[in-house]
Amino acid sequence: MDPQNSNMDSEAKMLLSHAKTLRLHTGNLVNRSRLKKKCPCSPSEELQDCIKATLTDWSSATKPASKDFPDTLDCSIPQATDAITPEEREELRVTVKLFLCESVQSSIRDAVEKVCQTLAVSQLDSVIIAPTWPLEGDSQSLAHLQPAWEELEALVRSQQIAAIGTSDLDKDLMEQLYNWAQVKPSSNQVNLASCCVMPPDLTAFAKEFDIQLLTHNDPKELMSAATFQEAVQEGTQDLNIADWRLQWVLRYSIIVKSRGIIKAKGYLVSARKASP
């Protein structure tokens, strides 16, 4: 191995060992040729590949650090990020799906502020929330969703988000949320792996209250703790690295409105070091 690369890798590992929070941005996957050539079978595999590739590139590009080691470590590839200029903002639609891996409401504001800062925008056109649901066997309930929805409503009132939506709600839960919420859901994603056709009662309710029904193929758990830890270990080539736990994963898309094409897409990931 090139001694210089080896030194840079050791710098990256030193930074990781001192950090308490890890923030990772994959950059624009539309432009990252190394990741474009791959054809992942699932969103989980795509995310795993992205984390490994980003950590590998970041590790090799890390310059020797000063004696100060930040608590929050940003792992990103600057040249792979496409910020949005004010001139082009009107032509673009920025949509986000936020996967919460922990039931911490501050994660929502944290994730929204981070993606706005990364993409250089003041407002997201839409955010779809994928909350952490109770374990199998426990039914989904409005009470479980309410804290996250209230946080989203606050971000709509502060004009950081224009529209908010949900994921995998059946008709009964969608109706409960709609009746309770101050800011009504504008969309609901339905996983076509679990139902081949849209449920008629959900379709009728959505049509009556102007809720857009979308489809997705994301698994219930986008990435397990073990898979994330494995991706970090492979990306840093360090099997002894501390135990990192996912807090949230945000996937964004930037669409050119007039042409309906994706100009950029990527992931932002936040993780915390588990207490020993």
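In what follows, the structure referred to is the one given above.
Here's a quick rundown of the structure. (Residues numbered from 1 in each chain as written. Predicted model: local features only at pLDDT ≥ 70, side-chain atom pairs only at ≥ 80, totals over all residues. Heavy atoms only, no water.)

Relative to the elements of secondary structure, P185 occurs in the loop between α6 (171–180) and β6 (187–191). Between the C-alpha atom of P185 and that of E153, which follows or precedes it by 32 residues, the distance is 9.9 Å. Contacts of P185, omitting those with residues within four sequence positions, involve W149, I164, T166, M174, L177, Y178 and I211. (Helix = DSSP H or I, 4+ residues; strand = E, 2+ residues; numbered from the N terminus. Contact = heavy atoms within 4.5 Å.)

Here we come to helix α8 (residues 225–236). With 12 residues, α8 extends 17 Å between its outermost C-alpha atoms, agreeing within 8% with the 16 Å of an ideal straight helix rising 1.5 Å per residue. All buried positions along α8 are accounted for by F228, Q229, A231, V232, Q233, G235 and T236. Positive backbone phi, approximately 55°, marks Q237, located one or two places after α8. (Expected span 1.5 Å × (residues − 1). Buried < 20%, exposed > 50% of the residue type's maximum accessible area, 1.4 Å probe, protein only.)

This part takes up the packing of helix α5 (residues 142–157) against α6. Following both chains from N to C, one finds α5 and α6 inclined at 45°, their axes separated by 11 Å at the closest point. Taken together, the axes of α5 and α6 lie oblique to each other. Helix-helix and strand crossings are classified by hand; for α5 and α6 the assignment is right-handed. Where α5 approaches α6, its residues L142, L145, Q146, W149 and E150 are matched on the opposing element by L173, Q176, L177 and W180. (Axes fitted to C-alpha atoms, helices over the stretch in contact; angles between N-to-C directions. Parallel < 35°, antiparallel > 145°, perpendicular 65-115°, else oblique. Left-handed = near helix turned anticlockwise from the far one by under 90°.)

Strand order across the open sheet formed by 9 strands is β2-β1-β9-β8-β3-β4-β5-β6-β7, with mixed pairing between neighbours. Each edge of the sheet is formed by a strand with only one pairing partner; in this case those strands are β2 (72–76) and β7 (212–216). Pairs of neighbouring strands in the sheet enclose a mean axial angle of 20°, with direction left out of account. This element, α5, spans β3 (92–100), β4 (124–130) and β5 (161–167) of the sheet and lies at about 160° to β5. (Pairing = 2+ DSSP bridges.)

Turning next to unusual backbone geometry. Positive phi values are uncommon outside glycine, yet A120 reaches one of about 60°. Summarising the element assignment, A120 is placed in the loop between α4 (106–119) and β4. A positive phi is found at Q159, a non-glycine position, where the angle reads about 65°. Here Q159 shows up in the loop between α5 and β5. On the accessibility criterion, Q159 (57% relative accessible area) is exposed.

What follows concerns the nonpolar core. Judged by nonpolar contacts, the single largest core of 44 residues is most densely connected at L124 and L250. Element by element, the count of residues in this core is highest for α5, at 7 residues. The residues contacting L250, other than those within four sequence positions of it, are V96, K97, L98, A111, V115, G266, Y267 and L268. Among the nonpolar cores identified, the runner-up in size contains 29 residues, and L16, L55, L222 and V232 belong to it. (Core = buried A, V, L, I, M, F, W, Y, C linked by side-chain atoms within 4.5 Å.)

Of all 7 residues in β5, 5 are buried; the element is thus mostly enclosed. In this sheet, β5 lies alongside β4 in parallel orientation, the contact comprising 4 bridges. Residue pairing in the sheet places L124 in a bridge with I161 of β5. The pairing of β5 with β6 spans 3 bridges and is classified as parallel. When the bridges of β6 are listed, S167 appears paired with Q189.

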